[in-house]
Amino acid sequence: MTGNWSALFLSAFVTFFVVIDPPGCAPIFASLTRGASMAHRRAMAVRSTLVAAGILLVFALFGEDLLRVLGISLASFRIAGGIMLFLIALEMVFEKRTQRREERADEITRKAAAEARPLEEEDISDCPMAIPMIAGPGSIATAMLLTSRAEGWIEGAIVLAALLATLLLMLLSLLAAAPLMRVLGAKVEAMITRMLGVILAALAAQFVIDGIRVSFGL
């Protein structure tokens, strides 16, 4: 029986790790938080992981019932998440996010100086990091599927433990991302950001295509 539980944990952990992809989210987080203070980066890393964990746990335990009550299909959720990711990808490729962040920082600096109050840094922990980057349609669907397949509360707890282990690795990846990107340098970081933006755009398009395919039975 213990061997079966170990196999279940390993299977669920590998599935969550591939779908949530902590190594893939880390450089995107570093790019989106470029220019933020180290303390603010750490706070956003912790908050984004905790928010994503809460979302995934809710959907793992009550997901199907919640979507049914709200009248929302998983396909619709996948399309919405894909559109959000695509907009983020465009900003990454064309550096619009950097330009917008600089303009916003200048405006906030002027207001803060006039009002003699501390500066407020941009917070990307809830959106787009927690959702849809970490707790996206794929990870939500995976959490719902694996918990629905679990037989009994012990297997359900094992699946949730695998999910939490993956999210712990996500937190560690986010915390280590910024120092690594700093070592690489600004030019290499910009190149990686553009490349990741293209990959993210393709992933977003796939989310939308999958959602449309399921919605129309194609």
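This text goes with the structure placed above it.
This is a predicted model, so every value here is computed, not measured.

### Here's the deal with the packing of helix 3 (residues 38-70) against helix 6 (residues 125-134)
Packed helices, taken two at a time, are described by the angle their axes make and the gap between the axes.
Here comes step 1: Interaxial distance between helix 3 and helix 6 falls to 9 Å at its minimum, and their mutual angle equals 45 degrees. Comparing their axes, helix 6 and helix 3 come out oblique. Relative to helix 6, the crossing made by helix 3 is right-handed. Each of Met44, Arg47, Ser48, Val51, Ala52 and Ile55 in helix 3 lies in contact with helix 6, whose residues at this interface are Ser125, Asp126, Met129, Ala130, Ile131 and Ile134.
Here comes step 2: Considering only residue class, the contact of helix 3 with helix 6 consists of 8 nonpolar, 2 polar and 2 charged.

### Description of the nonpolar core
Here comes step 1: Of all hydrophobic cores here, the largest spans 45 residues; its most connected members are Phe16, Ile20, Met129, Ile134 and Leu200.
Here comes step 2: For this core, the elements supplying multiple residues, two or more each, are helix 1 (2-20), helix 2 (22-32), helix 3, helix 4 (74-93), helix 6, helix 7 (137-149), helix 8 (152-184) and helix 9 (186-216).
Here comes step 3: Sequence-distant contacts of phenylalanine 16, that is, excluding residues within four places in its chain, are made with Asp21, Thr142, Ala143, Leu146, Val159, Ala162, Leu163 and Thr166.

### Considerations on the pattern of salt bridges
If the charged atoms of two oppositely charged side chains come close together, the side chains can form a pair.
Here comes step 1: Inspection of the entire model under this criterion finds 2 salt bridges.
Here comes step 2: Across the salt bridge formed by aspartate 126 and arginine 47, the nearest N and O atoms sit 2.8 Å from each other. You can see aspartate 126 sitting in helix 6 and its partner arginine 47 sitting in helix 3, a full 79 residues away along the chain.
Here comes step 3: Residue class for aspartate 126 comes out partly exposed when judged on its relative accessible area of 32%.
Here comes step 4: Using a relative accessible area of 40% as the deciding quantity, one classes arginine 47 as partly exposed.
Here comes step 5: Of the charged contacts in the structure, one is a salt bridge between aspartate 210 and arginine 213, with a shortest N-O distance of 3.0 Å. Here aspartate 210 pairs with arginine 213, and both are found in helix 9, just 3 residues apart, close to one helical turn.

The rules we used
- Residues numbered from 1 in each chain as written.
- Predicted model: local features only at pLDDT ≥ 70, side-chain atom pairs only at ≥ 80, totals over all residues.
- Heavy atoms only, no water.
- Axes fitted to C-alpha atoms, helices over the stretch in contact; angles between N-to-C directions.
- Helix = DSSP H or I, 4+ residues; strand = E, 2+ residues; numbered from the N terminus.
- Parallel < 35°, antiparallel > 145°, perpendicular 65-115°, else oblique.
- Left-handed = near helix turned anticlockwise from the far one by under 90°.
- Contact = heavy atoms within 4.5 Å.
- Nonpolar A, V, L, I, M, F, W, Y, C, P; charged D, E, K, R; others polar.
- Core = buried A, V, L, I, M, F, W, Y, C linked by side-chain atoms within 4.5 Å.
- Buried < 20%, exposed > 50% of the residue type's maximum accessible area, 1.4 Å probe, protein only.
- Salt bridge = Lys/Arg side-chain N within 4 Å of Asp/Glu carboxyl O.

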